[in-house]
Amino acid sequence: DLAGKLGIPEAIIACLEEPSEPGAEAVRLFASAFGVKPEVFTGQVPREPTEEEKQAAREAEKAAVAAKARYPFIRQFILDPARCADPDTGARLFDDEPFSLAERNVVLYLSTTALYHFCDTSTSAFSFDEYLFQKHGQLLKKFERELAAQNLAKEEYEERVGMARGDIFRCDRIENIAILVCEDFAAELEEKLAKGVTDFDQDLDLPFVWEYDDSLMKIVIRRPGGEVLHEVKLLGVKERGA
């Protein structure tokens, strides 16, 4: 009668009368109310985390990985699911290293892409003019040594050195110059991301998605539609610049 007056199942009244011995029907009702299995409600098996809890755990893990990075905002940027096909694998690749080999190569791809954009347009959201001015003398001396070893005619030697004095890109390949300015570029990109500045879409040729090919030890850069833009073998940056 009480269950009828309250508009609740009789099993709940029975459970209130004998709380130490809840019936199976009451357990099913309570379990259903909490969205868990009866054996979880009674404590026989542990509760599985919800999708929200799993996502929160993944986010916490990625935040912990990013906190160990030399450039935490860059790490978050390149692990974002919008740019990383498998963020969990990416986080494991970066592991506890402040600037891991895989991470360095992704950043180097960004540096190279931005440098090509600068060469093509003579404009950039990054301070390449400043970086390159600082590195020009170093690259010029290296270029002069390389030319001297080639035993060129004096006129040709002087002509090529003269052009290199006025254009740093006459001194070396863009890919090698990108390695030389990679740390400067990373520091500026980190600062932009920390401030929420995102004026570099064209420089970095966004959007792209990167993934790690474990069998071939390489990073593959793709368009979101699948078109391969670039493949990076996981070599040390110094070796790539050799």
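Here, the structure is the one placed above.
Since the model is a prediction, treat every value here as computed from it, not as a measurement.

### Details of the overall build of the protein chain
Within the protein chain one finds 13 helices and three strands. Projected onto its principal axes, the C-alpha positions of the protein chain cover 110 × 35 × 30 Å. Taking all 242 residues of the protein chain together, 35% fall into the buried category. Within the protein chain, contacts between residues separated by at least 24 positions form 56% of all contacts whose residues are at least 6 apart in sequence.

### Things to note about unusual backbone geometry
Between Leu 206 and Pro 207 the backbone carries a cis peptide bond, its omega angle lying at 0 degrees. Structurally, Pro 207 can be placed in the loop between α12 (182-195) and β1 (209-213). Positive phi is not limited to glycine here, since Ser 122 has a value of about 60 degrees. The residue Ser 122 is located in the loop between α8 (101-121) and α9 (128-148) in this model. Given the relative accessible area of 59%, Ser 122 is considered exposed. Here the phi dihedral of Asp 205 falls at roughly 55 degrees; this positive angle occurs in a residue that is not glycine. Among the structural elements, Asp 205 can be located in the loop between α12 and β1.

### Things to note about the packing of aromatic side chains
According to the stated counting rule, one finds 12 aromatic pairs in the structure shown. Measuring from centroid to centroid gives 6.0 Å for Phe 94 and Trp 210, while their planes differ by 20 degrees, and the two rings are stacked. Taken together, the residues Phe 94 in helix α7 (residues 87-94) and Trp 210 in strand β1 connect sequence positions 116 residues apart. The same class applies to Phe 94 as to Trp 210, namely buried. On the basis of an interplanar angle of 5 degrees and a centroid distance of 6.3 Å, the ring pair of Phe 128 and Phe 185 is categorised as stacked. Pair noted here: Phe 128 is in helix α9 and Phe 185 is in helix α12, with a separation of 57 residues, a long-range link. Assigned by exposure class, Phe 128 and Phe 185 land together as buried. Through a chain of ring-to-ring contacts, the aromatic side chains of Phe 77, Phe 118, Phe 126, Phe 128, Tyr 131, Phe 185 and Phe 200 assemble into a single cluster. The ring of Phe 77 has Arg 83 lying over it, and the distance from NZ or CZ to the ring centre is 3.8 Å.

### Considerations on the packing of helix α6 (residues 72-79) against α8
Each pair of packed helices can be described by the angle between their axes along with the distance between the axes. Their axes nearest at 11 Å, the elements α6 and α8 cross at an angle of 85 degrees. In terms of orientation, α6 lies roughly perpendicular with respect to α8. Touching Ile 74, Arg 75, Phe 77 and Ile 78 of α6 are Glu 103, Val 106, Val 107 and Leu 110, all from α8. Partitioning the contact of α6 with α8 into residue classes produces six nonpolar, no polar and two charged.

### Some words on helix α3 (residues 24-34)
Taken together, the buried positions of α3 are Ala 26, Val 27 and Ala 31. Within α3, the buried residues cover an arc of 130 degrees as seen down the axis, which keeps them to one side. Turned more than 90 degrees from where α3 packs its buried face, Ser 32 and Ala 33 sit exposed. Buried residues belonging to α3 abut α2 (10-17) and α4 (38-41). At the exit of α3 stands Gly 35, carrying a positive phi of roughly 70 degrees.

### Focus: the sheet that holds strand β3 (residues 228-233)
Ordered in space as β1-β2-β3, the three strands form an open sheet in which the pairing is antiparallel. Pairing within the sheet leaves two strands with one partner each, and these edge strands are β1 and β3. Ignoring which end each strand starts from, the neighbouring axes of this sheet average 20 degrees apart. Pairing geometry for strand β2 (residues 218-222) and β3, over five bridges, is antiparallel. Counted as the bridge partner of Val 220 is Glu 231 from β3.

### Brief notes about the nonpolar core
Counting 49 residues, the largest nonpolar core has Leu 110, Phe 126, Phe 128, Phe 185 and Trp 210 as its most contacted members. Among the elements of the structure, α6, α7, α8, α9, α10 (154-166), α11 (174-180), α12 and β2 are those that each provide at least two residues to this core.

Cut-offs applied
Residues numbered from 1 in each chain as written. Predicted model: local features only at pLDDT ≥ 70, side-chain atom pairs only at ≥ 80, totals over all residues. Heavy atoms only, no water. Helix = DSSP H or I, 4+ residues; strand = E, 2+ residues; numbered from the N terminus. Buried < 20%, exposed > 50% of the residue type's maximum accessible area, 1.4 Å probe, protein only. Contact = heavy atoms within 4.5 Å. Phe/Tyr/Trp six-rings, centres within 6.5 Å; stacked < 30°, edge-to-face > 60°. Lys NZ or Arg CZ within 6 Å of the ring centre and 35° of its normal. Axes fitted to C-alpha atoms, helices over the stretch in contact; angles between N-to-C directions. Parallel < 35°, antiparallel > 145°, perpendicular 65-115°, else oblique. Nonpolar A, V, L, I, M, F, W, Y, C, P; charged D, E, K, R; others polar. Arc of directions from axis to C-beta. Pairing = 2+ DSSP bridges. Core = buried A, V, L, I, M, F, W, Y, C linked by side-chain atoms within 4.5 Å.

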